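Residue-level listing of the chains:
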Amino acid sequence: RVKQGFITFDHVSFIYPGTTKSVLSNVRFSVNPGERLAVIGSTGSGKTSLFQLIPRLYDATEGEIRIDHRPTTDYTLDNLRRSIGYVPQSPLLFTGTVAENIAWGKEHASTKEIIHAAKDAQIHDAIMELDNQYQTKVGQKGVNLSGGQKQRISIARALIRNPKILMLDDSTSALDLTTESKLLHAMESYECTTLLITQKISTAMRADRILLIDEGKVLAIGTHEELLHSSSLYQRIVTS
Ligand code: CTP
Ligand code: MG
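Bear in mind the structure is a predicted one, so any value in this text is a computation, not a measurement.

The next thing to look at is the overall build of the chain. The helix and strand tally for the chain stands at 10 helices and 12 strands. The C-alpha radius of gyration of the chain comes to 18 Å, within 12% of the 18 Å expected for a compact globule of 240 residues. Relative to its 240 residues, the chain shows a buried fraction of 49%. Within the chain, contacts between residues separated by at least 24 positions form 68% of all contacts whose residues are at least 6 apart in sequence. Charge separation in the chain, taken as the distance between the mean sites of 27 positive and 26 negative side-chain charges, equals 3 Å.

What follows is the structure, encoded as structure tokens:
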């Protein structure tokens, strides 16, 4: 199959509706099909905002975002979002079983598929320790899961749909290094373009390229070595 998931930001600027502050300014970069891009930048630099524009949770104020050379505004919202697995920074589980939460958004998911996604998301073992395992009720009236467990259920929910584009917003922040490493390794078997926001340079270094944003602007994009040479801010982040 032809690799899909080519993403282009073409001079994108963004101001949240009802505000005046420019959150993203003239952002331009491309991500190749199947590439893994880490997005780093200090808190408030616009990383989550940049992510939210891709599935059109918000629309760019200026410029255009294209997926596989078509503007995202040309897709139906349903088709656009079906091709994207988006794990938000603070994922929400709905009231229902663990299995239902993982299968959400994919019709006719089999038990086998649910377990497979959970294993890849490194949450299977924790689920097996719950009283009713995959049938355990979570959400408002269910058992309380840790932030990291919710993140991994949300990752399983994204993986089970085998998306063209996978987006993780700081989704591995709560994981220990070994679990994170296993997760990143498991994700390699999915042929999707991956964007991952991370605070950790060690995680960013595992990506093909790194996008550094600061105050809504792209400061640099390239490999770890390239950024070390080209960006003084990157040097400072690495040595801090
Ligand atoms: N912002 C806003 N309205 C929102 C969300 C964010 O005005 N509904 C502003 C924030 O105040 C911030 C800027 O947009 O100045 C960028 O926010 P965000 O994209 O959330 O920044 P991140 O880089 O994701 O920050 P963090 O690392 O803390 O998640
Ligand atoms: Mg954020």
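So, next bit.
Moving on, we come to the coordination of the magnesium ion (ligand 2). Note on the magnesium ion (ligand 2): its protein donors are Thr48 (OG1) and Gln89 (OE1). The metal-donor distances range over 2.0 to 2.4 Å. In this pair, Thr48 sits in helix H1 (residues 47-53) while Gln89 sits in the loop between strand S6 (84-87) and strand S7 (96-97), placing the two residues 41 residues apart along the sequence. The exposure class of Thr48 is partly exposed, given its relative accessible area of 23%.

Turning our attention to the sheet that holds strand S9 (residues 165-169). Judged by pairing direction, the sheet is mixed, and its 6 strands sit side by side in the order S6-S9-S10-S3-S11-S12 without closing on themselves. Every other strand in the sheet has two partners, leaving S6 and strand S12 (217-222) as the edge strands with one partner each. Neighbouring strand axes in the sheet, compared pairwise and without regard to direction, differ in orientation by 15 degrees on average. Summarising the sheet, strand S3 (residues 36-40) and strand S11 (residues 209-214) pair through 4 bridges and their orientation is parallel.

With that settled, the discussion passes to the site of ligand 1. Surveying the vicinity of ligand 1 reveals 13 residues, the closest of which are Lys21, Thr43, Lys47, Thr48 and Ser49. The side chain of Gln89 places a nitrogen or oxygen atom 2.8 Å from an oxygen atom of ligand 1. Here ligand 1 has 620 Å² of accessible area as a free molecule, and 66% of this is covered by the chains. The greatest single-element share of the shell around ligand 1, amounting to 3 residues, is contributed by H1. When grouped by side-chain class, the residues that make up the shell around ligand 1 number 2 nonpolar, 9 polar and 2 charged.

The side-chain alternation of S6 yields two buried faces, one formed by Ile84 and Tyr86 and the other by Gly85 and Val87. For S6 and S9, the ladder comprises 4 bridges, and the chain directions are parallel. Looking at S9, one finds that Gly85 is bridged to Leu166.

What follows deals with the packing of aromatic side chains. Going through the model one piece at a time under the given rule, you end up with 6 aromatic pairs. Relative to Trp104, the ring of Phe94 lies with its centre 6.4 Å away and its plane at 55 degrees, an arrangement referred to as tilted. Taken together, the residues Phe94 in the loop between S6 and S7 and Trp104 in the loop between helix H3 (98-103) and helix H4 (111-120) connect sequence positions 10 residues apart. Under the relative-accessibility criterion, Phe94 is labelled partly exposed at 28%. Through pairs of rings, three or more aromatic residues link up here, namely Phe14, Tyr16 and Tyr58. The ring centre of Tyr75 lies 4.2 Å from the NZ or CZ of Arg70, which sits over that ring.

About the criteria used
Residue numbers here run from 1 along each chain, matching the order of that chain's written sequence. For this description, chains carry letters from A and ligands carry numbers from 1, given in the order in which they are written. Given that this is a predicted model, residues contribute local features only at a pLDDT of at least 70 and side-chain atom pairs are listed and counted only at 80 or more, while totals for whole chains, interfaces and linings are drawn from all residues. Calculation of side-chain values draws on the structure's entire complement of heavy atoms; hydrogens and water are dropped beforehand. Each helix is a run of DSSP H or I of at least 4 residues and each strand a run of E of at least 2, with the numbering of both proceeding from the N terminus. We compute the radius of gyration over the C-alpha atoms and compare it with the globule rule, which gives 2.2 Å times the number of residues raised to the power 0.38. Note on classification: 1.4 Å probe, protein chains only; a residue is buried when its accessible area is under 20% of the maximum for its type, exposed when over 50%, partly exposed between these limits. Contacts are assigned to residue pairs with any non-hydrogen atoms lying within 4.5 Å of each other. In this charge count, Lys and Arg are treated as positive and Asp and Glu as negative; neither His nor the chain ends contribute. Positions of charges follow a simple convention, taking NZ of Lys, CZ of Arg, CG of Asp or CD of Glu. Any nitrogen, oxygen or sulfur atom within 2.8 Å of a metal ion counts as a donor, with the limit raised to 3.2 Å for Na, K and Ca, and since water is left out, coordination shells can look unfinished. Strand pairing is assigned whenever DSSP detects at least two bridges linking the two strands. Throughout, an axis means a line fitted to C-alpha atoms (over the contacting stretch in the case of helices), and angles, computed between N-to-C directions, take values from 0 to 180 degrees. Near residues are defined by distance, with any heavy atom within 4 Å of the molecule or strand qualifying the residue. Identification of polar contacts relies on pairs of N or O atoms within 3.5 Å, with a donor-acceptor requirement for protein atoms, meaning one able to donate a hydrogen and the other able to accept it, and with residues adjacent in sequence counted only if both atoms are side-chain atoms. Only the protein chains shown count as covering a residue, and every accessible area follows the Shrake-Rupley method with a 1.4 Å probe. Gly is placed with the polar residues, together with every amino acid not listed as nonpolar (Ala, Val, Leu, Ile, Met, Phe, Trp, Tyr, Cys and Pro) or charged (Asp, Glu, Lys and Arg). In this scheme Phe, Tyr and Trp rings, the latter by its six-membered ring, pair at centre separations within 6.5 Å, and the angle between planes marks the pair as stacked below 30 degrees, edge-to-face above 60, and tilted otherwise. Two conditions define a charge sitting above a ring: the NZ of Lys or the CZ of Arg must be within 6 Å of the ring centre, and it must be within 35 degrees of the ring normal.

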